Amino acid sequence: MENLLSGNNNMKYFFDNLNKFFVIAMASVLVRIFAFIIFMFINLENHKGHIVSPLVEQKGIDTAFYQEAAEQYKTYGWSILYKKTEDFYKEPSTEYSGMSPMPLFPLLLILTDYKDGNTIPLALLYLAFCCLLCLIWLRWLKDNGCPTIGLWLFTVIPNPIYFMVAVGTDLPFALLFSVFFVSYFSKNRNNYIWISALILLFLMRPNSLSIGIFVILDQLLRDFNFGKRLNLIILSAMALAVSVIGIFSLPYFVVYLDLSKDFTYFGISNAEYINGIYTNLPTFLDKALSITTFLFAKILYFCGLRPSYSDVSTEVVFLRAFVGIFLLPGLIYILFSKKRSLKMLIFIYMLPIFIGATQDRYHLTIFPILYLYGIQLYAMAMKFIRERIQYRFNGV
């Protein structure tokens, strides 16, 4: 009888949790549908003054560059990628016109015929992408111990919702990465899923190169068995793919670095940080503190804890920066944790971003990971504070 009651209690606990997660998951979808509709009727502008709406052709996040590339892909096929890359190595250029992006996003623009007056097909696809992205990460967060309040909060974080309507490579890249990450770090890893996601990431954006490098290093550090022919073939194929992607990505990286030269952090240029901003201090101390401040400024910008690039309302700035209060402690927690593979992935992913202009749009890919560990660090801090208060209370 006791076993029967225990079994019933376990089943009740299982279904209660299942129903709770289902409600949260459905709420996340409804939030995105509601936001999608709202964006149709408000004139929200990005930092360049462009309207962000499903009904308006987007120009703010390099989309115009990709639309031009889509036209070139339609005219010349994949050969345009090889041709522009070949021209770059013959005569290096820092102009956008001197490079061609990876083909997956231009192909998406071609298939949906994205243009002024025909934005809805791609906008609806991005709505589906955003919903799926949230559901994947919600499940991962739940399985990794995120409290219920953390799951609810995750459903309304505005960053992915913004990129749902601000069409660019950010959202589909983040979705593909979520599939890769959840599969790769799963206890029951499915190699076909994470390898397929990685291939699509290679075809989407150049910083997929970082993820490919991580996979190679991680496999080598996991007691990789060179005696197994299949393992050796897979690793060799991965190394070849990373090398090829690196060749095609170099023009993009050169342009990115050139554009980053004029980027400022809290109104101070890269050159000023490097030359020293604490001029009243001895030279050595000035340089050391200036570089440290520079790196910390980049971290804050990456986490979204930054002033606005333009005349954007204070409310919008606070909404954008809200997620940063979780990302910053989460990043610190991961980098000082003993989770070797996760720490290596985050570090390798962020490294090329930190070399250039460190913008918060690049954290969209990994922000759910930093979010979870940020919540865990806050929980640890709260537990410590409660224990200290209890200790002092009992001591009295």
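In what follows, the accompanying structure is described. (Residues numbered from 1 in each chain as written. Predicted model: local features only at pLDDT ≥ 70, side-chain atom pairs only at ≥ 80, totals over all residues. Heavy atoms only, no water.)

**A few points about the overall build of the protein chain**
Note the threshold: Working definition: helices are DSSP H or I runs of at least four residues, strands are E runs of at least two. Numbering for both runs from the N terminus. Exposure classes here rest on a 1.4 Å probe applied to the protein chains alone. A residue is buried below 20% of its type maximum, exposed above 50%, and partly exposed in between. Whether two residues touch is decided by their heavy atoms; if any such pair falls within 4.5 Å, the residues are in contact. All accessible areas in this document rest on Shrake-Rupley with a 1.4 Å probe, and a residue is counted as covered only by the protein chains that are shown.
Looking only at helices and strands, the protein chain features 17 helices and two strands. Buried residues in the protein chain amount to 44% of all 396 residues. Partitioning the contacts of the protein chain with sequence separation of at least 6, the portion at a separation of at least 24 is 71%. When the accessible surface of the protein chain is summed, it comes to about 21200 Å², and 67% of that surface belongs to carbon and sulfur atoms.

**Description of the pattern of salt bridges**
The following threshold applies: What makes a salt bridge here is a side-chain nitrogen of Lys or Arg within 4 Å of a carboxyl oxygen of Asp or Glu, nothing more.
Throughout the structure, instances matching the rule amount to 10 salt bridges. Linking Glu86 and Lys90 is a salt bridge whose minimum nitrogen-to-oxygen distance equals 3.9 Å. Taken together, the positions of Glu86 and Lys90, both in helix 3 (residues 79-90) and four residues apart, correspond to about one turn of that helix. By relative accessible area, which is 64% here, Lys90 ends up exposed. For Arg306, the salt bridge goes to Asp360, with nearest N and O atoms at 3.1 Å. Placement of Arg306 in the loop between helix 13 (283-302) and helix 14 (314-322) and of Asp360 in the loop between helix 16 (340-355) and helix 17 (367-395) is noted, with a sequence separation of 54 residues between them.

**Remarks on the nonpolar core**
For clarity, the cut-off: As used here, the term nonpolar core means buried Ala, Val, Leu, Ile, Met, Phe, Trp, Tyr and Cys residues forming a set that is joined through side-chain atoms within 4.5 Å.
Counting residues in hydrophobic clusters, the biggest one holds 105 residues, and the most contacted among them are Phe177, Phe180 and Ile369. No other element matches the 14 residues that helix 5 (residues 120-143) contributes to this core. Not counting residues up to four positions away in its chain, the partners in contact with Ile369 are Trp137, Trp140, Phe177, Phe181, Ile334, Leu342 and Ile346.

**What to know about the packing of aromatic side chains**
Which entries qualify depends on this criterion: Only the six-membered ring of Trp is used, alongside the rings of Phe and Tyr, when aromatic pairs are assigned; centres must lie within 6.5 Å, and planes under 30 degrees apart are stacked while those over 60 apart are edge-to-face, with the rest tilted.
Overall, the coordinates contain 32 aromatic pairs when judged by the stated rule. A ring pair is formed by Phe65 and Tyr66, whose centres lie 5.2 Å apart and whose planes are at 65 degrees; its orientation type is edge-to-face. By the burial criterion, Phe65 is buried, and Tyr66 matches it. On the basis of an interplanar angle of 15 degrees and a centroid distance of 6.1 Å, the ring pair of Phe185 and Phe214 is categorised as stacked. Within this pair, whereas Phe185 is found in the loop between helix 8 (170-184) and helix 9 (191-202), its partner Phe214 is found in helix 10 (residues 208-221), the two being separated by 29 residues in sequence. The class of Phe185 is partly exposed, set by a relative accessible area of 28%.

**Here we look at the packing of helix 8 against helix 9**
Test applied: Interaxial angle, 0 to 180 degrees, is taken between N-to-C directions of lines fitted to C-alpha atoms, where a helix line uses only the stretch in contact. If an angle is under 35 degrees, it is roughly parallel; if it is over 145, roughly antiparallel; if it lies from 65 to 115, roughly perpendicular; otherwise it is oblique. A clockwise turn of the near helix away from the far one marks a right-handed crossing, whereas an anticlockwise turn of less than a right angle marks a left-handed crossing.
Look at helix 8 against helix 9: their axes get within 8 Å of each other, and the N-to-C directions meet at 155 degrees. Here helix 8 is positioned roughly antiparallel relative to helix 9, judged by the angle of their axes. Helix-helix and strand crossings are classified by hand; for helix 8 and helix 9 the assignment is left-handed. Facing Phe173, Leu176, Phe177, Val179, Phe180, Ser183 and Tyr184 of helix 8, the residues of helix 9 in contact are Ile193, Trp194, Ala197, Leu198, Leu200 and Leu201.

**Details of the packing of helix 5 against helix 6 (residues 148-156)**
To keep things clear, this is the line we draw: Three classes are used, and their members are as follows: Ala, Val, Leu, Ile, Met, Phe, Trp, Tyr, Cys and Pro are nonpolar, Asp, Glu, Lys and Arg are charged, and the others, Gly among them, are polar.
The contact between helix 5 and helix 6 brings their axes to 10 Å, and the two run at 165 degrees. Between helix 5 and helix 6, the angle falls in the class roughly antiparallel. Here helix 5 runs over helix 6; the crossing is right-handed. Within the contact between the two elements, helix 5 uses Cys134, Trp137, Leu138, Leu141 and Lys142 and helix 6 uses Leu151, Phe154 and Thr155. Its residues placed into classes, the contact of helix 5 with helix 6 shows six nonpolar, one polar and one charged.

**Overview of the side chain of Ser208**
The following threshold applies: Polar contacts here mean pairs of N or O atoms no more than 3.5 Å apart (in protein, one a potential hydrogen donor and the other a potential acceptor; neighbouring residues in sequence count only if both atoms are side-chain atoms).
Residue placement: Ser208 occurs in helix 10. Within the structure, the side chain of Ser208 is placed 3.2 Å from the backbone oxygen of Leu201, a separation counted as a polar contact. Discounting residues that sit within four places of it in the chain, Ser208 has contacts with Phe173, Leu201, Phe202 and Ile245.

**Comments concerning the side chain of Thr358**
Note that Thr358 resides in the loop between helix 16 and helix 17. Note on Thr358: relative accessible area 0%, which makes it buried. Of the polar contacts made by the side chain of Thr358, one reaches the side chain of Lys298; its length is 3.2 Å. When near neighbours in sequence (up to four residues on either side) are disregarded, Thr358 contacts Tyr256, Phe263, Tyr265, Lys298, Tyr301, Phe302 and Ile353.

Worth remembering: the numbers are spatial, not functional.
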